[in-house]
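Understanding the architecture of this molecule
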Amino acid sequence: VGDRLLELGLDGSVVELWNLFDQYPHDLGTIRRSTEEPLNFVDHAHANSVTWDPATGDFLIGLPNLASIARIDGTSGELKWVLSGRQGEGDFDWKTPVVDLPHSVQVLEDHHLLIFNRHTTCAEALEVRLNMDTMVAVPVWSHSASPCLTVPFLGQAIRLADGQTLISWSSAGTLDIVTPAGETVWRLELDLGAAFG
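Note that this is a predicted model, so its numbers are computed, not measured. (Residues numbered from 1 in each chain as written. Predicted model: local features only at pLDDT ≥ 70, side-chain atom pairs only at ≥ 80, totals over all residues. Heavy atoms only, no water.)

1. Some remarks on the sheet that holds strand β6 (residues 58–63)
Quick note on the threshold: By this definition, two strands are paired if DSSP reports at least two bridges between them. Only DSSP runs of H or I covering at least 4 residues are called helices, and only runs of E covering at least 2 are called strands; the numbering of each starts at the N terminus. All axes are obtained by fitting lines to C-alpha atoms, using only the stretch in contact for helices, and the reported angles, taken between N-to-C directions, cover 0 to 180 degrees.
In spatial order, the strands read β5-β6-β7-β8; together these 4 strands make up an open sheet with antiparallel pairing. Edge positions in the sheet fall to β5 (49–53) and β8 (79–84), since each has one partner strand and no second. Each strand axis lies, on average, 20° off the axis of its neighbour in the sheet, ignoring direction. In this sheet, β8 lies alongside strand β7 (residues 68–72) in antiparallel orientation, the contact comprising 5 bridges.

2. Describing the environment of Phe-153
This is how the line gets drawn: Each residue gets one of three labels from its accessible area relative to the maximum for its type: buried under 20%, exposed over 50%, partly exposed in between, using a 1.4 Å probe on protein chains only. Any two residues whose heavy atoms approach within 4.5 Å at even a single point are treated as in contact.
By secondary structure assignment, the location of Phe-153 is in the loop between β12 (136–143) and β13 (156–159). Residue classification places Phe-153 among the exposed positions, given a relative accessible area of 60%. Apart from the residues lying within four places of it in its own chain, the contact partners of Phe-153 are Arg-118, Ser-170 and Ser-171.

3. Things to note about the pairing of strand β9 (residues 102–107)
Summarising the sheet, β9 and strand β10 (residues 112–117) pair through 5 bridges and their orientation is antiparallel. By the bridge assignment, Pro-102 is partnered in β10 with Asn-117. The hairpin turn running from β9 into β10, its antiparallel successor, is 4 residues long, and Asp-110 in that turn takes a positive phi close to 55°.

That is the geometry; function is a separate question.
Here it is, written out as structure tokens:
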């Protein structure tokens, strides 16, 4: 599931820019298998989001089952770095885990990322500062809904031009706009069973 980054040309050509298995070999002891019908498949990394950074041309890939975000050079396909929520993995150190079941990542200024972490219980939007000299990741802002929202599918956080953050608690059927101080200033809720894509 989501194992390659492909570049599609206007002429219909397809070029493999990056292959997950070059950096993450298939390990039958650590992969997850979905047994829910009709989804009976092996799910290694579950790459489920891709973000293009217009400033560098790089891509950021969300890898929830590996608790990681990978930065891929948009020209060469080289893996530049991995931000992992698992201690001892990836290229950054941290005191507080910064990645857990990520579903979206937005590149902000000054080596900051805005990540939507689904977690297994309360989902959150988390802004992280990456110190590229010391290779340390530090959380600088976070927001969880109150009351807590569980988001087993999708989810996204987007920093708006005015500094506020739009958070889609997708499968919970809720959209919030949150201030830098963490105050929810706008909310839209769908009826039970509905969700935002």
